[in-house]
Amino acid sequence: MEKLTYDQISTLIKQKEWGDDFVIGLDIDDEFLVDQYSDYVETFGAIKRVESGGFDSDSYYSSVKVFRVYHFIDHNVFIRFTGWLESYDGCQFEALEQVQPIEKTITIYEPISE
């Protein structure tokens, strides 16, 4: 398999209009489901979700801003998809961008037990 760049991967996702289905398909499990999504595997090789999250932006409308980060292992490319999860319209991802893992150290303050 030829190693792809972020630009090549994002172009393929957009050209094939995989967007929402692509991310939803990957969300079924942390590991890629080879049988159901063989087109993705043939195109991109191994893919793993490495981070996901969301926050409630407006509980009145039941829409939640969400993101997913996937590692395209064979290409060593990390991509974050961002969008909205809505109770009435499902998941719609509106953007993707290349990201990289950065390790950070934080300081937190805990109460002292007596």
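Before reading on, note that the structure itself is shown above.
Below you will find a few notes about this structure. The model shown is predicted, which means the values in this text are computed figures rather than measured ones. (Residues numbered from 1 in each chain as written. Predicted model: local features only at pLDDT ≥ 70, side-chain atom pairs only at ≥ 80, totals over all residues. Heavy atoms only, no water.)

Attention shifts here to unusual backbone geometry. Phi is positive for N76, close to 50°, though the residue is something other than glycine. With respect to the helices and strands, N76 occurs in the loop between β2 (63–72) and β3 (77–86). (Helix = DSSP H or I, 4+ residues; strand = E, 2+ residues; numbered from the N terminus.)

Following the sequence through the fold, F81 ends up in strand β3. The class for F81 is buried, based on a relative accessible area of 2%. (Buried < 20%, exposed > 50% of the residue type's maximum accessible area, 1.4 Å probe, protein only.)

All told, the structure shown has two aromatic pairs when counted by the stated rule. With a centroid separation of 5.5 Å and 80° between ring planes, the pair formed by F44 and F72 is classed as edge-to-face. One end of the pair, F44, is in helix α3 (residues 38–44); the other, F72, is in strand β2, with 28 residues separating them in the sequence. (Phe/Tyr/Trp six-rings, centres within 6.5 Å; stacked < 30°, edge-to-face > 60°.)

In this fold, H75 is placed in the loop between β2 and β3. One polar contact links the side chain of H75 to the main-chain amide nitrogen of L4, over a distance of 2.8 Å. Non-local contacts of H75, meaning those with residues more than four positions away in its chain, are made with M1, E2, K3, L4, I9, T43 and F44. (Polar contact = N/O pair within 3.5 Å; in protein donor to acceptor, adjacent residues only side chain to side chain. Contact = heavy atoms within 4.5 Å.)

Taken as a whole, the largest pocket encloses approximately 190 Å³ of empty space. If you go around the largest pocket, the residues you meet are V50, E51, F67, V69, F78, R80, V99, Q100, P101, I102 and K104. Contributions of two or more residues to the lining of the largest pocket are made by β1 (47–58), β2 and β3. A class-by-class count of the residues in the lining of the largest pocket yields seven nonpolar, one polar and three charged. (1 Å grid on protein atoms, 1.4 Å probe; cavity = no way out; pocket = protein on both sides within 12 Å on 5 of 7 lines; lining within 4 Å. Points joined across faces, edges and corners; volume = space filled by probe spheres on them. Nonpolar A, V, L, I, M, F, W, Y, C, P; charged D, E, K, R; others polar.)

Moving on to helix α1 (residues 6–15). Each turn of an α-helix holds 3.6 residues, which means side chains three or four residues apart point in the same direction. Residues Y6, I9, S10 and I13 constitute the buried set of α1. One face of α1 carries all of its buried residues, which in axial projection span an arc of 95°. Facing away from the buried side of α1, by more than 90 degrees, are the exposed residues D7 and Q15. (Arc of directions from axis to C-beta.)

Keep in mind these numbers describe shape, not what the thing actually does.
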